[in-house]
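So you can see what is in the structure, the chains are spelled out below.
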Amino acid sequence: MASSVKFKLSAVSSSVGADKMDFSVEKLVSVTEPLSNMAKVSVATGSDTVVLANTNVQSYLYVRNIDTTNFVTVKNAAGNTLSIIRAGEFAVFPVAASAGVELRADTAACIVEYGYWAVA
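Residues numbered from 1 in each chain as written. Predicted model: local features only at pLDDT ≥ 70, side-chain atom pairs only at ≥ 80, totals over all residues. Heavy atoms only, no water.

The final tally for this structure, using the stated rule, is five salt bridges. Across the salt bridge formed by D48 and R104, the nearest N and O atoms sit 2.9 Å from each other. Residue D48 is found in the loop between β2 (21-43) and β3 (49-52), and its partner R104 is found in strand β8 (residues 101-105); the two are separated by 56 residues along the sequence. For E113, the salt bridge is made with R64, and the minimal N-O distance between the two is 3.0 Å. On the criterion of sequence distance, the pair formed by E113 in strand β9 (residues 110-119) and R64 in strand β4 (residues 59-65) is long-range, its members being 49 residues apart. Residue class for E113 comes out buried when judged on its relative accessible area of 13%. Each of D48, K75 and R104 takes part in salt bridges that share partners, so that together they form one network. (Salt bridge = Lys/Arg side-chain N within 4 Å of Asp/Glu carboxyl O. Helix = DSSP H or I, 4+ residues; strand = E, 2+ residues; numbered from the N terminus. Buried < 20%, exposed > 50% of the residue type's maximum accessible area, 1.4 Å probe, protein only.)

Among the structural elements, S98 can be located in the loop between β7 (90-95) and β8. S98 sits in the partly exposed class, given a relative accessible area of 39%. Along the chain, S98 and Q58 lie 40 residues apart, while their C-alpha atoms are 7.7 Å from each other. Each residue touching S98, except ones within four places of it in the same chain, is listed here: N54, T55 and N56. (Contact = heavy atoms within 4.5 Å.)

Given below as structure tokens:
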């Protein structure tokens, strides 16, 4: 039996412009190992925490910063910043094969929830 993950994004607002914003998009992705359905990790400030090692397959990564005040920098294995995830924010990234993903907290250690799935 094939494994899959459905990613869905919905956004609704009537206060960000003259027109109402209301859209939903989704993508069904066939996935395989390596994968981690959901995990939590304490991310430090002085060193990078690897959450997705360099693999030879494209992956999808979910990251949610559970901390209430601190932000987390998301980098690839080469040290290039991909994103800043502020307190309470989340993101889903398609990650290129062999890119790897590392996290570093800004001012104090914080808990981050994450999951990743290799594209089949």
